[in-house]
Amino acid sequence: MGHRLAASSSLYLRSHADNPVDWRPWGAEAFAEARRRDVPVFVSIGYAACHWCHVMARESFADPALAETLNERFVAIKVDREEHPDVDDTYMAATQAMTGQGGWPMSVFTLPDARVFHAGTYFPPRRIGQVPSFAEVLDAVHQAWTERRSEVETSAGKIAESLGAQRRQQAGLATTIYTHDDDGARRPTDASPGAATGVKGSADAATPDTATDQVTVDPAELDGLVLDALAVLGEQEDPVHGGFGSAPKFPPSALLGFLLEESAWDPASAAAAMAVRTLETLGRSALFDQVEGGFARYATDLAWALPHFEKMLYDNAQLIGHCARLSVHPAADEESRGRAERQTRLSLDWLTERMLLPDSGLLASSLDADTVDAQGQHAEGATYLFSDTELLEAAAAAGLGEEQARELVGLNRGVPADEQSITQGAPLNISAQTPRTLHFDEPLTGAQRQLWEQIAPELRRRRALRDQPARDEKVVAAWNAQAISSMATAAALWDDAALLAQAEALAERLWQIHVTLETTVGRASVRRISYAGVPAVELGGLADHAHLAVACFQLSSAGADAEWVHRGHAVLRQILENLVRREDGELQLLESSDTTGPLAAAAQGPLLATPLDGPEPSSVAALAQALQMAEALELLGIEDLRPAQILQHVKLAAAKAPTVIGASLLVARRAARRSPAFRFLSGTAEDLAQVRRIGALHGVPVEPVTAGTVGPDAELRLSVCLNSVGSMVCLPPVGSVDQALEAIRG
């Protein structure tokens, strides 16, 4: 029945090919079939590493009776959210608006024109309290469609209209210019199109001084906004376990970049304690794989002791860079820095050993949460759990004495993979034979660390003999680009030429497979997805392009070939040409260049980019970072769009929702320092390594170094170039990195 999915390149879609459900892939043809049959559409959205997606597949989509109902009454579409983030984004907004929550698997019912009228997430096979069974949901939707069609269509129209308005409002937060009234309130300006977008030449444009203010960041105002944001974050932080919010608990990856950079400039800042505490607790928790490295997606509890075990590239691509920064951070003590470097290097090894694909040389998107044994039985996290008995046996095999082994076992405060007991606070029945996570409440001492490092190879050997989680070998451009950025950053922080070469090789493969360079116009377009070295037809979205541009600039700053600057510029030109538009004087950023497909009906127009971070930095923040780095590197052709023009939401959200604008706060800070860059004029190889290390830590790119500037006896001469609008000046050379930083501060 699932023959349409059998040949799909998506592992997630192929995993449903044997279902009795007559699945169709996402596309106009599926909706055309719904119109022909005059039936609603059921859209099921998930991804390969999703635990509850597997559960619903076994319980419902493999059930012949439920499949018959779906096939008779609906057109069923299966969507890999990682291939189609625009579809996922649109329908997630609808699901959250209608139910107050979201997640995967996502279960959405639409009209034949793709407009939503009912939505939910996981539905169980039997009713649980007020949660209906999937069969009940199908019956209720069918009854509404056949008996109350006009009400369903009216409801779908209102939902689509509301979603479109909400999306436009969120997108407008980034680009609408705000002014202060006498009462202190911020209100949108009634500026002309030219003034609102910072475009020169409008007959009604504001005065030059006002126009300049609109494309620059006021450092004094931003100081106050950052203090407001840090105060709110201090109230929301978990002071015991680090991180923010309640369980289930996700690593605040996008926010950590801002906290680390803010505290690099000011180690006494409140940002320092939050950054160090969060990364320290994550690093000794079960969320971090203590045996092989890498971080799981999220934890079900406050202490990070029980993760959902899927490992996503987008989490690790960010967290590896953050741990590398902590390894040289002035706010961390020597022991903390040492732990951070070990965790980073272990995770980099994990990337190479578990995620690097031999056919393409690129990084896979995820490892599954579940392990499937030879009998087809699923067990979440089974690969990663060890009982006390197993730890004692491994310790003995590694040569530890009995006393040392028992000391090591006693340090582990892990828990069984029993989510219900953990979340409901039920007593845990743990015996010596109970498999449980590896989790430490306190940092290991030096002696304890030596014991752990002695046993870890034996644990890796034993784990390798177990059934392994499946790997989704889909390559996602944005996630590979973020990994490249973090690897290049770590290489600069550690002066690690081998790691930089590894990052550059990964970037070269990504460029060759995913990028099409239009040499006549100097633009480079990016494909989001590839499998086995073959790119998909569809162009990537704003996130894919923006993150690749940032990665190109980061590589050059770390010391890779200067050609990467030109490549990043070409990607940025593609964004400005195809994903940025001005309509009736309004600046709009498009999440996707596809503005005519089924989603146009569901979202009442093109999918606009919103500035709020999720698990990844928002695509708006990624674009702002690319623009800011291009500005710092004095690249021409970006004058029509400056980073500050798409960071207006910082003024509104800093004191209200700082956890979702961390990436934007980071870029706003860089822009407020007038987009500085280091220009290395002369010095030794050690001087250049120090400049690159300090630049990577503080978010200051290093211009490509010209031949002849590095010599064994050369005196350090370093200039700071300030390249934001209204600055465009290189300061007189100084003889130390500290002097250069002071010049930027001043």
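Scoring rules and cut-offs
Residues numbered from 1 in each chain as written. Predicted model: local features only at pLDDT ≥ 70, side-chain atom pairs only at ≥ 80, totals over all residues. Heavy atoms only, no water. 1 Å grid on protein atoms, 1.4 Å probe; cavity = no way out; pocket = protein on both sides within 12 Å on 5 of 7 lines; lining within 4 Å. Points joined across faces, edges and corners; volume = space filled by probe spheres on them. Helix = DSSP H or I, 4+ residues; strand = E, 2+ residues; numbered from the N terminus. Nonpolar A, V, L, I, M, F, W, Y, C, P; charged D, E, K, R; others polar. Disulfide = S-S within 2.5 Å. Buried < 20%, exposed > 50% of the residue type's maximum accessible area, 1.4 Å probe, protein only. Phe/Tyr/Trp six-rings, centres within 6.5 Å; stacked < 30°, edge-to-face > 60°. Lys NZ or Arg CZ within 6 Å of the ring centre and 35° of its normal.

Q: What is the right way to read empty space enclosed by the protein from this model?
A: The gaps left among the atoms become clear once a water-sized probe is rolled over them. On inspection of all chains with the given rule, the structure shows six cavities of 30 Å³ or more. The volume enclosed by the largest cavity comes to roughly 530 Å³. Around the largest cavity sit 35 residues that line it, and R325, S485, V550, Q554 and Q625 are the ones nearest its centre. Among the secondary structure elements, those contributing two or more residues to the lining of the largest cavity are α12 (253-265), α14 (313-326), α20 (477-494), α22 (542-558), α25 (619-632), α27 (662-672) and α28 (685-698). Looking at the lining of the largest cavity element by element, the count peaks at six residues for α20. Considering only residue class, the lining of the largest cavity consists of 17 nonpolar, 14 polar and four charged. Lining the second largest cavity are 14 residues, and of these A286, F288, D289, F309 and Y384 lie nearest its centre.

Q: Explanation requested: the state of the cysteines in the structure shown.
A: One covalent bond between the sulfur atoms of two cysteine residues makes up a disulfide. Per the stated rule, a full pass over the model turns up two disulfides. Residue C50 pairs covalently with C53 via a disulfide, S to S 2.4 Å. Measuring handedness by torsion sign, the sulfur bridge of C50 and C53 sits at about 80° and is right-handed. C53 shares its class with C50; the two are buried.

Q: Could you clarify how one ought to interpret the packing of aromatic side chains in this entry?
A: Two measures describe an aromatic ring pair: the distance that separates the ring centres and the angle between the ring planes. Tallied over the entire structure, the rule returns 19 aromatic pairs. Ring centres of W52 and Y122 lie 5.1 Å apart, and the angle between their planes is 55°; on these two criteria the pair is classed as tilted. Pair noted here: W52 is in helix α4 (residues 51-61) and Y122 is in the loop between β5 (116-120) and α7 (134-147), with a separation of 70 residues, a long-range link. Taking the centre distance of 5.9 Å and the plane angle of 85° together, the rings of F61 and F134 count as edge-to-face. Here F134 lies in helix α7 and F61 lies in helix α4, a separation of 73 residues in the sequence. An aromatic cluster of three or more residues is present, and its members are W23, F42, F61, F74, F109, F123 and F134. The residue whose ring lies beneath R149 is W145, and the NZ or CZ to ring-centre distance is 3.7 Å. In this arrangement the basic side chain of R673 is found over the ring face of W265, its NZ or CZ atom lying 4.2 Å from the centre.

Bear in mind that shape data such as this cannot, by itself, settle questions of function.
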